Amino acid sequence: MSSSEPNANSNIVEVDGILFETLMPVQTIRIPQTGEQVPVQFGVRITNRGSIPYRFDLPKFIPEIFDGDGRRIEYSVNSNARQPTEEQDIPLINPGEYITHWINVDLYWRGENCFGFGGFVRYGSVWSTYSFGTGTYQLQLKYDSQLSRHRVVFRGVRRNEIDGFWVGTVSTPLVKFNLVNLKGP
């Protein structure tokens, strides 16, 4: 794998002819009131500018959040059940095509002046991180796949071996967002 190359657009990185773009439609997020959850979307757009079609295991994109000083905020991924692979989880992206993958999370109250994010990743696993207050943060999505062939279990189908996966590790560029204290929905 070649090294990541920055793109003119600061939220895109290119690796081996594949563009990875960090998406965060709302970058000013109202902190929740007690007992409330505020929905947030994190995403990645993957564009294949190369000459080979590749598959991506989309649930392997994991959000990473950094504080105002650039330190990564710890997160956990826990699971007590596994969801079967769906066709849309491992799309084939042909040259010249792109896909967009969204991760829906909630910002929720964790205690006095402390908020946390939580949502589903990796086939039903729960991703969570907390210790947030008002302020400026940064988001990136990390992907790591070292296998070009995966044995997957599809819903209603025994087992299939699927190949053609993009192999490598990439972190999308950081995108800033703010948590602010505003009244109302």
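Residues numbered from 1 in each chain as written. Predicted model: local features only at pLDDT ≥ 70, side-chain atom pairs only at ≥ 80, totals over all residues. Heavy atoms only, no water.

**Structural notes on the packing of aromatic side chains**
Given two aromatic rings, their pairing is described by the distance between the two centres and the angle made by the two planes.
At step 1: The tally for this structure, following the rule as stated, stands at 13 aromatic pairs.
At step 2: Aromatic side chains F20 and W166 sit 5.3 Å apart centroid to centroid with 55° between the ring planes, which places their arrangement in the tilted category. On the criterion of sequence distance, the pair formed by F20 in strand 3 (residues 18-23) and W166 in the loop between strand 15 (160-163) and strand 16 (168-171) is long-range, its members being 146 residues apart. Neither F20 nor W166 differs from the other in exposure class; each is buried.
At step 3: Here the aromatic residues F42, F117, W127, F132, Y137 and F177 are joined through ring pairs into a cluster of three or more. (Phe/Tyr/Trp six-rings, centres within 6.5 Å; stacked < 30°, edge-to-face > 60°. Helix = DSSP H or I, 4+ residues; strand = E, 2+ residues; numbered from the N terminus. Buried < 20%, exposed > 50% of the residue type's maximum accessible area, 1.4 Å probe, protein only.)

**A short note on the confidence of the model for the protein**
At step 1: Scored by pLDDT, the protein has a mean of 85; 85% of the residues are at 70 or more.
At step 2: pLDDT under 50 marks residues 1-7. Its contacts with residues more than four places away, or in other chains, come to 17 contacts. (pLDDT = per-residue confidence, 0-100. Contact = heavy atoms within 4.5 Å.)

**Points about the nonpolar core**
At step 1: Ranked by internal contacts, the top residues of the largest apolar core, which has 37 residues, are F20, F42, I46, I65 and F117.
At step 2: Once residues within four sequence positions are removed from consideration, F20 is found in contact with N11, I12, V13, V15, R45, I46, F56, F61, W166, V170, T172 and P173. (Core = buried A, V, L, I, M, F, W, Y, C linked by side-chain atoms within 4.5 Å.)

**Looking at the pattern of salt bridges**
At step 1: Throughout the structure, instances matching the rule amount to six salt bridges.
At step 2: Salt-bridge contacts for R71 lead to D67; the nearest nitrogen and oxygen are separated by 3.1 Å.
At step 3: Note on D67: relative accessible area 14%, which makes it buried.
At step 4: Salt bridges sharing common partners tie together D67, D69 and R71. (Salt bridge = Lys/Arg side-chain N within 4 Å of Asp/Glu carboxyl O.)

**Points about the environment of F117**
At step 1: One can find F117 in strand 11 (residues 114-121).
At step 2: Looking at F117, the relative accessible area reads 0%, which means it is buried.

**A closer look at unusual backbone geometry**
At step 1: Notably, D16 is not glycine yet its phi reads approximately 50°, a positive angle.
At step 2: For D16, the location among the structural elements is in the loop between strand 2 (12-15) and strand 3.
At step 3: In the Ramachandran plot, S131 falls in the positive-phi region, its phi being about 80° despite a non-glycine side chain.

**Section: the pairing of strand 10 (residues 98-111)**
At step 1: Pairing analysis gives eleven bridges linking strand 5 (residues 37-48) to strand 10, with the strands arranged antiparallel. Pairing of V44 across the sheet is with H101, part of strand 10.
At step 2: Relative to strand 11, strand 10 runs antiparallel, the two being bridged by six bridges. If you follow Y108 over to strand 11, its bridge partner there is G116. (Pairing = 2+ DSSP bridges.)

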